[in-house]
Amino acid sequence: ATGLSRATVYRELERWGGVSAYIRRRRLRRLAIDLADTKSPIEQLAVSLGFANAAHASRAFVDAYGMRPGAYRKHVEAGRLSGIPKPLMDAWMEEVLPTAR
């Protein structure tokens, strides 16, 4: 689909920490957006995004953003985006307002 060999794709993804790190980051970014945009339970979102379960997604979310998914959702619902850690806001903004590459 990309016109690139598998080796080239893997080599290109090395700058993001490799294939698994890239996929994990994309899943976490999507989880953050879905938490903000939907009322779906975290368990449902986690499984739909490819995490083994909600606990796995929650641990990964905390490791990446320093905030539990439920706390993030409460901040967004309350309109207090200023209380969200910078890495999480950066990821969210990159997804919502992608920069030209």
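These numbers come from a predicted model, not from an experiment.

**As for the confidence of the model for the chain**
Stage number 1. Overall, the prediction assigns the chain a mean pLDDT of 85, with 87% of residues at 70 or greater.
Stage number 2. Put simply, helix α6 (residues 86–96) is where the chain has its lowest mean pLDDT, 70, and helix α3 (residues 42–48) is where it has its highest, 96.

**Structural notes on the packing of aromatic side chains**
Aromatic ring pairs are defined here through the distance separating the ring centres and the angle between the ring planes.
Stage number 1. Inspection of every chain in the model, using the stated rule, returns three aromatic pairs.
Stage number 2. Consider the rings of F61 and Y72, whose centres lie 5.8 Å apart with planes at 50°: the pair is tilted. Here F61, found in helix α4 (residues 54–65), pairs with Y72, found in helix α5 (residues 69–78); they are 11 residues apart in sequence, far enough to count as distant.
Stage number 3. The exposure class assigned to F61 is buried, which follows from its relative accessible area of 0%.
Stage number 4. Since its relative accessible area comes to 1%, Y72 is described here as buried.
Stage number 5. Three or more aromatic residues link up through ring pairs in this structure, and these residues are F61, Y65 and Y72.

**Re helix α2 (residues 19–37)**
Stage number 1. An ideal rise of 1.5 Å per residue puts 27 Å on 19 residues; α2 measures up with 27 Å between its terminal C-alpha atoms.
Stage number 2. Three or more residues of α2 are buried, namely L28, R29, L31, A32, I33, D34 and L35.

**A closer look at the packing of α2 against α5**
Stage number 1. Interhelical geometry of α2 versus α5 gives an angle of 45° and a closest axis separation of 9 Å. What the angle tells us is that α2 and α5 run oblique. As for how α2 packs across α5, the hand of that crossing is right-handed. For the pair α2 and α5, contact is made by A32, D34, L35 and A36 and by P69, Y72, R73 and V76, respectively.

The rules we used
Residues numbered from 1 in each chain as written. Predicted model: local features only at pLDDT ≥ 70, side-chain atom pairs only at ≥ 80, totals over all residues. Heavy atoms only, no water. pLDDT = per-residue confidence, 0-100. Helix = DSSP H or I, 4+ residues; strand = E, 2+ residues; numbered from the N terminus. Phe/Tyr/Trp six-rings, centres within 6.5 Å; stacked < 30°, edge-to-face > 60°. Buried < 20%, exposed > 50% of the residue type's maximum accessible area, 1.4 Å probe, protein only. Expected span 1.5 Å × (residues − 1). Axes fitted to C-alpha atoms, helices over the stretch in contact; angles between N-to-C directions. Parallel < 35°, antiparallel > 145°, perpendicular 65-115°, else oblique. Left-handed = near helix turned anticlockwise from the far one by under 90°. Contact = heavy atoms within 4.5 Å.

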